[in-house]
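Now for the letters of each chain:
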Amino acid sequence: MRMSRNIVSWSLIILLLALILIHVNGGIFGFNFGKIFSSIFHFDANDQSLIIYRELRIPRTFMAIFAGMGLSIAGLLMQTLFNNPLAGPSVLGITSGASLCVAITMMTGISFFTSDIGIVMIALIGALIFSLIILFFSMFVKSQISLLLIGMMLGSFTSALIQVLQVSSQANQIKAFTLWGFGSMQQVNFNQIPLIFGVFIAGVFALIFLIKPLNLLVIGEKPTQLLGIQMKSFRMLIIVVTSIFAGLITAYCGPISFIGLAVPNMVKLLYKTQNHLQLIIGSALVGACTLLFCDLLILWIEPYFVLPLNAVTALIGAPVVVWIILKKF
Amino acid sequence: MIELKNIEIGYHSALLSIENLVLETGKFYAIIGKNGIGKTTFIHTVLGLIPTIKGEIDINGQNIHQISANQRAKLVAHVPSKFEGVQHLSTRDFIAMGRAPYTNFLGKLAEEDWKLVDEISAELGIESFLHKDTSELSDGERQIASIAKALVQKTPVIVLDEPTAFLDYANRMSVQKLLQKVAKNANVCIIQSSHDLELCLEFADEMLIVEPNKKTIIPINRANCSKEKVIEIAF
Amino acid sequence: MKQMIILLNLFILFACNQKQAIKQSKNVSTDLIKYAQNFKIIQQKGFVELQIVNPENGSVERDFALVQRNSNVEIPKNLEQIEVPLKSIITLSGTNIGMIEKIKESAKIKGVSNSKYIYNQTVLKGIKSKKVLEFDDFSVLNPERVLLTKSKILFHTGFEGNTTANEEKLSKLGILCIPNYDWKENHPLGKAEWIKVFGYLFGKEKVAEAYFERVEKNYLQLSKTAKKFKKKPTVFSGMVYGDTWYMPAGESFGAKLLADAGANYVAKNEKGTGSMYYSFEQVFKQNQNTDFWVNVEVPTKKEMLKSNEKYQYFKAFQSNNLFSYAHQMNYFWENSAVEPDRVLSDLIQIFHRGEVKSESLHFYRKLTE
């Protein structure tokens, strides 16, 4: 088993590298390490090909990799915490929380919040608040389906609030927000990469402390507690880490659906384990590959027509969800 | 050794009050009483999940409500009435979870931990399904795996909440026999709640009968106990 | 979602109204602009300065120096340089296409927004033969595809204070993105005057100025005539979308056109920024007996009733005073901005039939059964 899992991991790593090489070359496979290297370290503002790598391709590839990883890991955490294969940051309304806060800043135009740090912070706070709401309800509802329905209600509630905001905002703000809602890997600039990477790494660091309790949590909350885990602080840490990933990514890429829900299920199918160290690594790899692939589809089809990212993720994700429902409910 | 010192238990108002009760290691206790009388509340209190209203519960001299969850997990282990099994979780990995209180924050098991898991599995005679997925085990096998997990936890006290409720007669017998053996061989204090009066009378060392009028627990040694007497006191 | 975008486009085109005009500074004696508030063209020594003015606060948002290709003029450091005449251009605003067509340079358009919203035949042919690329909305287009057009200038519908990630990326690739604020102008002539921007960019400033002078003369002449009419018929505009009826507010160029045509626009006193939206009931109460109904977006009364049966209760509907666009809507969007005199002439014909020498309508058309 261990052997075959390693084979899966290495195959995924090779696939990921291949997808990165295609994606960073604008959709065509190629080895351009020299260009990539010099566009980062020996940047020459007069060389157009270097500008293309530095300003367009590298940020887009970077964002696709890390958004895929972050959303999938967040989905995995939610699925284990709520013991629910259909949980995920978008289904439970956590990205809605981030969206709402971003909508408020976009449509009211408070200037602090339109700065990079400001928008990340406000999105994190939004995600955190909505995660806590879901956590609160999870203590009262016993059924898995009920919690999902509550998550969807949070989503509806948010869209209603956003519509109320839209009535009193200007056309351009509505348009900007609508387009943001489609999801995109293109809105990140090269100089924003360190901030995103930093926050992401903070999330990964916190993950280290979650692996042991997550592994226990698969047999239930009470047994976990009786094996010596402080459930209250553990639950809070999961919520914080999920909010970091979901909020960060929503702030920069829009509310991306289905990745967080579908990827962890695919990973469990591939890895056949409950060891969360492996599940996290698997989710990161499969998540990055999936989102890179979705974005590549957009790149390839672009000359004919423009696909919104959320349409692509839904096309791939929705069948996976139906399959899970058929299998597990 | 577990000592209940003048306690009152319950969620808001006292369900049961027990003046002084000492339960010893190496013995197998059975709690018997009417439904809704507070057996589960008693078990949850002993596990440290809910606080006592009055008094304290000490295990090996430590007040279980005043220590950390991790320390408590080294003193008392739990076997629920049913473990559903988890897909992709092997029986051996499941039993090994009992070592969690002894690992660091990463949860990595040492060589000795695995050795202990295999030893206890061998003692219980469950090597045959040790590498099976827990979702593929039979109810009886799962219950024994749960007991193995509790044993691996190496606690002086193991509490079982109706461990035979979902088993057929043959399995109920073998689980009771196993608990009787384990209490002696591993020198642990085993406390179970149960509705299986006959089986308890056959295998448990002492009955802890919940008396509904005074709302207290009356311990009676198996030697002095009969089915009629239990029924008279408890129901 | 696509519908949402279309709706938003409509919204921007028809419903957005303007903030109070900014006072132009008087000391710019060489300013070559008369009506437009949102750009300035200034003749400097050796080059022409093009300023794009932020409609919200009147500050200069972008400052360009238009320099003849291969000339060695020193320009101040704070100006962004554009070499003219342009060899190619991308514009995501339909109104710009109409202006560029009027100075006969539409063959140089190398990129546009979705072809669904375009009328210009040269551009449509170019899209078919892949010489002209279609782009998505400015904030989500892929900058790499812009490079394929080899254009250095990209015009997009300007939204003040909204620097998108794309703008930054494109500027690093050496592509200047210029916001188009013609839709924020108060006066129809101010909107039309934007043709001068393209005139100077393509080295056809004389053509553009001559064209604008003619339009201005016609427009002023027509509005002078219209002022004489004592009877001012009442008029309202638009149709209901979903539950909302959008109408241009009182200070928009749309309202100005109706006023200059000698009509009494029902929402003329609606102040404030943003568009006016009403419920069906509000519009009905106010306009059951209103004389005229313009900017109906379907060609026949039958289709009107199909979209909403309640339209039949308006007096304008019963008395057949309904006017929609004569051509497809794209034609109107592209050309009405640069031909306000023709729009005005149509409107005067509509409101004062019999009082003026009757001519055939160009942009508008009476609805048929």
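Given the structure is predicted, the values throughout are model-derived calculations rather than measurements.

Draft legend 1. Quick look at the domain arrangement of chain C. Taken domain by domain, chain C comprises domain 1 (25–83) and domain 2 (227–366). Spacing between the C-alpha centres of domain 1 of chain C and domain 2 of chain C amounts to 37 Å.

Draft legend 2. Representation of unusual backbone geometry. At the junction of Val84 of chain C and Pro85 of chain C, the peptide bond is cis and its omega measures out at -10 degrees in the coordinates. Of note, Pro85 of chain C is situated in the loop between strand 4 (80–84) and strand 5 (89–91). Of note in this structure, Asn6 of chain B is not a glycine but carries a positive phi near 50 degrees. Take Asn6 of chain B: it is sitting in strand 1 (residues 2–9). Look at Asn60 of chain B: it is not a glycine, yet its phi comes out positive at around 50 degrees. With respect to the helices and strands, Asn60 of chain B occurs in the loop between strand 4 (54–59) and strand 5 (62–63).

Draft legend 3. Representation of the pairing of strand 2 (residues 16–23) of chain B. All names here are of chain B. Both strand 1 and strand 2 contribute to a ladder of 7 bridges, which runs antiparallel. Its bridge partner being in strand 2, Leu4 is matched across the sheet by Leu21. Counting the residues that bridge the hairpin from strand 1 to strand 2 gives 6 residues, and of these Gly10 lies at a positive phi of roughly 150 degrees.

Draft legend 4. Main features of the packing of aromatic side chains. Enumeration over the complete set of coordinates arrives at 34 aromatic pairs over all chains. Between Phe37 of chain A and Phe41 of chain A, the ring centres sit 4.8 Å apart and the planes meet at 45 degrees, which makes this aromatic pair tilted. Separated by 4 residues within a single helix, Phe37 of chain A and Phe41 of chain A lie in helix 2 (residues 33–41), roughly one turn from each other. For Phe37 of chain A, a relative accessible area of 45% corresponds to the partly exposed category. One residue, Lys82 of chain B, lies across the ring of Phe166 of chain B, its end atom 5.1 Å from the ring centre. The lysine or arginine in question, Arg99 of chain B, covers the ring of Tyr102 of chain B, its NZ or CZ lying 4.2 Å from the ring centre.

Draft legend 5. Summary view of the sheet that holds strand 5 of chain C. Residue and element names in this part refer to chain C. Strand order in this open sheet of 5 strands is 7-6-5-8-9, and the pairing throughout is parallel. Every other strand in the sheet has two partners, leaving strand 7 (133–134) and strand 9 (176–180) as the edge strands with one partner each. Pairing between strand 5 and strand 8 (residues 153–157): 2 bridges, direction parallel. If you follow Thr91 over to strand 8, its bridge partner there is Phe155.

Draft legend 6. Seen up close, the environment of Asp295 of chain A. Residue and element names in this part refer to chain A. Along the chain, the position of Asp295 falls in helix 14 (residues 276–301). Here the alpha-carbon distance between Asp295 and Val91, two residues 204 residues apart in the chain, equals 21 Å. The residues contacting Asp295, other than those within four sequence positions of it, are His23, Arg60, Met185 and Leu309.

Draft legend 7. Main features of the packing of helix 9 (residues 193–208) of chain A against helix 12 (residues 231–253) of chain A. Residues and elements named next belong to chain A. One can describe the packing of helix 9 onto helix 12 by two numbers: an axis separation of 9 Å at closest approach and a directional angle of 160 degrees. The angle between the axes of helix 9 and helix 12 places the two elements in the roughly antiparallel class. Crossing handedness for the pair helix 9 and helix 12: left-handed. Touching Leu195, Ile196, Val199, Phe200, Gly203, Val204, Ala206 and Leu207 of helix 9 are Leu237, Val241, Ile244, Phe245, Leu248 and Tyr252, all from helix 12.

Draft legend 8. The arrangement of the packing of helix 5 (residues 139–152) of chain B against helix 6 (residues 169–185) of chain B in detail. Residues and elements named next belong to chain B. Viewed as axis vectors pointing N to C, helix 5 and helix 6 meet at an angle of 15 degrees, and their least axial separation amounts to 10 Å. When the axes of helix 5 and helix 6 are compared, the pair comes out roughly parallel. Between helix 5 and helix 6 lies a crossing whose hand is right-handed. Contact with helix 5, carried on its side by Gly140, Ile144, Ile147 and Leu151, involves Asn171, Val175, Leu178, Leu179 and Val182 of helix 6 and no other residues of that element. Classifying every residue of the contact of helix 5 with helix 6 gives 7 nonpolar, 2 polar and no charged.

Draft legend 9. Spotlight on the sheet that holds strand 3 (residues 60–68) of chain C. Residues and elements named next belong to chain C. Spatially, the 4 strands line up as an open sheet ordered 1-2-3-4, and their pairing is mixed. Edge positions in the sheet fall to strand 1 (39–43) and strand 4, since each has one partner strand and no second. Across the sheet, the axes of successive neighbouring strands diverge by a mean angle of 25 degrees, strand direction being ignored. Examined bridge by bridge, strand 3 and strand 4 share 5 bridges and lie parallel to one another.

Draft legend 10. Quick look at the pattern of salt bridges. One pass over the structure, following the stated rule, counts 27 salt bridges over all chains. One salt bridge connects Asp295 of chain A with Arg60 of chain A, and the closest N-O pair in it is separated by 2.7 Å. Note that Asp295 of chain A is positioned in helix 14 and Arg60 of chain A in helix 3 (residues 48–81), a separation of 235 residues in sequence. The class of Arg60 of chain A is buried, set by a relative accessible area of 7%. The partner of Glu221 of chain A in a salt bridge is Arg235 of chain A, with the nearest N and O atoms 2.8 Å apart. Note that Glu221 of chain A is positioned in helix 11 (residues 221–226) and Arg235 of chain A in helix 12, a separation of 14 residues in sequence. According to the relative accessible area criterion, Arg235 of chain A is buried, its value standing at 14%. What emerges from the salt-bridge pattern is a single network uniting Arg54 and Glu55 of chain A together with Lys172 of chain C.

Analysis parameters
Residues numbered from 1 in each chain as written. Chains lettered and ligands numbered in written order. Predicted model: local features only at pLDDT ≥ 70, side-chain atom pairs only at ≥ 80, totals over all residues. Heavy atoms only, no water. Domains from an automatic or database assignment. Helix = DSSP H or I, 4+ residues; strand = E, 2+ residues; numbered from the N terminus. Pairing = 2+ DSSP bridges. Phe/Tyr/Trp six-rings, centres within 6.5 Å; stacked < 30°, edge-to-face > 60°. Buried < 20%, exposed > 50% of the residue type's maximum accessible area, 1.4 Å probe, protein only. Lys NZ or Arg CZ within 6 Å of the ring centre and 35° of its normal. Contact = heavy atoms within 4.5 Å. Axes fitted to C-alpha atoms, helices over the stretch in contact; angles between N-to-C directions. Parallel < 35°, antiparallel > 145°, perpendicular 65-115°, else oblique. Left-handed = near helix turned anticlockwise from the far one by under 90°. Nonpolar A, V, L, I, M, F, W, Y, C, P; charged D, E, K, R; others polar. Salt bridge = Lys/Arg side-chain N within 4 Å of Asp/Glu carboxyl O.

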